[in-house]
Amino acid sequence: MGSPRLTRGCGFAKLNHCSPLHYAAGVLAAGTICAGAPAYAAGTPAGTVINNNATATYDLPDGGQNSVTSNTVSLIVDELLDVSVASTDGGDVSVAPAAANQLLTFRVTNAGNGSEAFRLTARDNAGGDDFDPSATSIVLDGNGNGTYEPGIDIVYVAGSNDPVLTPDASVLVFVLSSIPAGATDAQRGRVDLVAVAATGSGAPGTAFAGQGQGGGDAVVGATGADAEDDGYYRVAAAGVAFVKSATVADPFGGSTRVPGAIVTYRLVATVTGSGSLANLRIADAVPAGSSYRPGTITLEGAPLSDAADADSGEFTGTGIAVRLGTVAGGATRTVTFQVAID
Amino acid sequence: MRFLLILFALLLPASAMAQSQVALNSQVFVERTTTDSNGAARTSLEPPGVVTPGDRLVFVLSYRNNAAAPATDFVVTNPIPESVVFAGTESAGSVLSVDGGQSWGALAALSVRNADGSSRPAALADVTHIRWRIAEPIPAGGGGELRFRGIVK
């Protein structure tokens, strides 16, 4: 990458080392990207000239002294092409089947010693997973705030706005994917973000004559100038099973369905899966030939009032309804109510 | 990689070019280690074609007395270039400086002052200059070679 820019310095975070993020063919405003290290991890900047010369003094036979200076040998430090990619998600990203625009987050760091553009690719068909997400776009965290902001952060277009990073600088990259509708609970889907130096990549030591920053060559470093990391989505889906049972107590101490007998209905909702269900609601009609016994609704053994009020249960006139809110997988909710047989 | 050899000698006044001079020549090489087919490491000195941070450099100073009379008390001083960490010398008779050439000695005898006023033993990375004093007079037509190593920061 031949850009002569080597901008350093930080406007707002003294402890961080910041440098502007430029775009290779950018019409978009530059953001500010911060890297953690205050020193050049990658060493002497590309294009630096190393000069060496020596001087000598010696005595002449006549008692005088003479001095001599050697020639100066100069060499230019070439550009080392190195890059690193690291997922910053800290674990699987929980998603629902058929969800769109699900985020994986990566940090791409210029580990070389020259300003360099990096070509990004999201590989969504890598193995080692249960389903293939569909990577729909790559977005650059242009304002460097670490948060994906649709419409504010910059959609990446390969070859058009490849992020240009100064040595040690990094950029946060969001990969947005759609999750297939057929993905089931606890399945994992993998997407790799690949970053390759625009100048070139390959076996370490591969040189690109004259293409280094500052007039030297560009040389592929230990990373091959090609790095990737994987991120995983994990489906968190949930289902629910209802079981209804009835207990009859007749006026004579038995369990016969006769007029005047009291039937206690027990409704058990069991949520399964690793996700959770939102706005789960249990409703049951009072059977024909029976009458609701006021004040008999319970949730997890605690009574609920019949009125449509602040508590989560009510008698609607024809049946009962209990709002359970969000219930996580593995949890059960038990509702009971009673009717009298007419 | 562009290897620039700037012959400053060409720019010196004619008197300095006279034959009554000791000539001093500076060269730099990159030390490369390759592994041959038997798995043995082989080290060679190469012209600095491609140089990147971490590369090992060997600086070679050669001198020759072109004058008719011997040169005595011959002292060669070489500042360590910026962007290079001094990595030792194989040529005997050297002294080092870690303070820009003000004081000289063996590395073990040198110390560096910390910001808080205390001092610590000097390390190779602190070396700013290397100097050799050639004990024997250099006879007319005589010469020699001095080497030191560096690593590109």
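Thresholds applied
Residues numbered from 1 in each chain as written. Chains lettered and ligands numbered in written order. Predicted model: local features only at pLDDT ≥ 70, side-chain atom pairs only at ≥ 80, totals over all residues. Heavy atoms only, no water. Helix = DSSP H or I, 4+ residues; strand = E, 2+ residues; numbered from the N terminus. Buried < 20%, exposed > 50% of the residue type's maximum accessible area, 1.4 Å probe, protein only. Core = buried A, V, L, I, M, F, W, Y, C linked by side-chain atoms within 4.5 Å. Contact = heavy atoms within 4.5 Å. Salt bridge = Lys/Arg side-chain N within 4 Å of Asp/Glu carboxyl O. Pairing = 2+ DSSP bridges. Axes fitted to C-alpha atoms, helices over the stretch in contact; angles between N-to-C directions. Phe/Tyr/Trp six-rings, centres within 6.5 Å; stacked < 30°, edge-to-face > 60°.

Participant: Quick one: what's the story with the overall build of chain B, residue by residue and with numbers?
Facilitator: Scanning chain B from terminus to terminus reveals zero helices and eleven strands. Beginning at the N terminus, the succession of helices and strands in chain B can be written as β-β-β-β-β-β-β-β-β-β-β. In chain B, which comprises 153 residues, the share counted as buried stands at 35%.

Participant: Any chance you could break down the nonpolar core for me, citing the residues and the numbers?
Facilitator: Counting 36 residues, the largest nonpolar core has Leu57(B), Tyr63(B), Phe74(B), Val76(B) and Trp132(B) as its most contacted members. Elements represented by at least two residues in this core include exactly strand S4 (55-59) and strand S6 (72-76) of chain A together with strand S2 (22-35), strand S4 (56-65), strand S5 (72-79), strand S6 (84-89), strand S10 (129-134) and strand S11 (143-152) of chain B. In this view, Val76(B) contacts Ala54(A), Thr55(A), Ala56(A), Leu24(B), Leu61(B), Ile130(B), Arg131(B), Trp132(B) and Leu146(B); residues no more than four positions away in its chain are not counted. Leu81(A), Leu165(A), Val171(A) and Phe208(A) belong to the second-largest nonpolar core, a separate cluster that totals 33 residues.

Participant: Residues and numbers for the pattern of salt bridges, please.
Facilitator: Residues and elements named next belong to chain B. Here the structure, examined in full by the defined rule, presents 17 salt bridges over all chains. A salt bridge links Glu31 to Arg56, with the nearest nitrogen and oxygen atoms 2.9 Å apart. Within this pair, whereas Glu31 is found in strand S2, its partner Arg56 is found in strand S4, the two being separated by 25 residues in sequence. On the basis of relative accessible area, Glu31 is assigned to the buried category, the value being 13%.

Participant: Which residues make up the interface of chain B and chain A, and what values go with them?
Facilitator: Chain B puts 43 residues into the contact, and the matching count from chain A is 34 residues. In this assembly, chain B and chain A are joined by zero salt bridges. Of all the secondary-structure elements, those providing two or more residues to the side of chain B that touches chain A are strand S1 (3-6), S2, S4, S5 and S11 of chain B. Top contributing element to the side of chain B that touches chain A by residue count: S5(B), with eight residues.

Participant: Quick rundown of the sheet that holds strand S8 (residues 83-87) of chain A? Include the residues and the values.
Facilitator: Residue and element names in this part refer to chain A. Taking strand neighbours across the sheet as the criterion, the five strands line up as S8-S10-S15-S12-S13 in an open arrangement whose pairing is antiparallel. Whereas interior strands pair on both sides, the edge strands pair on one side only; in this sheet they are S8 and strand S13 (154-155). Bridge analysis of strand S10 (residues 102-110) against strand S15 (residues 170-178) gives eight bridges, and the strand direction is antiparallel. Along S15, the bridge assignment pairs Gln102 with Ser177.

Participant: Residue-level account of the sheet that holds S2(B), with values.
Facilitator: Residues and elements named next belong to chain B. Taken in spatial order, the five strands make up an open sheet running S3-S2-S4-S11-S6, and their pairing is antiparallel. Both outer strands of the open sheet, strand S3 (41-46) and S6, are each paired with one neighbouring strand and no more. Strand-to-strand twist across the sheet, computed as the mean angle between neighbouring axes with direction ignored, equals 30 degrees. The pairing of S4 with S11 spans nine bridges and is classified as antiparallel. Residue pairing across strands places Leu61 opposite Leu146, the latter belonging to S11.

Participant: Lay out the packing of aromatic side chains with the relevant residues and their values.
Facilitator: All names here are of chain B. By the definition in use, this model includes eight aromatic pairs over all chains. Relative to Phe148, the ring of Trp132 lies with its centre 6.3 Å away and its plane at 45 degrees, an arrangement referred to as tilted. Remark: Phe148 occurs in strand S11 and Trp132 occurs in strand S10; sequence separation between them is 16 residues. When sorted by exposure, Trp132 lands in the same class as Phe148, which is buried.

Participant: Any details on the pairing of S5(B)? Residues and values, ideally.
Facilitator: On a regular strand, each side chain points to the face opposite its neighbour's, so the side chains alternate between the two faces of the sheet. Relative to S5(B), S4(A) runs antiparallel, the two being bridged by four bridges. Residue pairing across strands places Thr57(A) opposite Val75(B), the latter belonging to S5(B). Of the strand pairs in this sheet, S5(B) and S10(B) are connected by six bridges, and their pairing is antiparallel. When the bridges of S10(B) are listed, Thr77(B) appears paired with Arg131(B).

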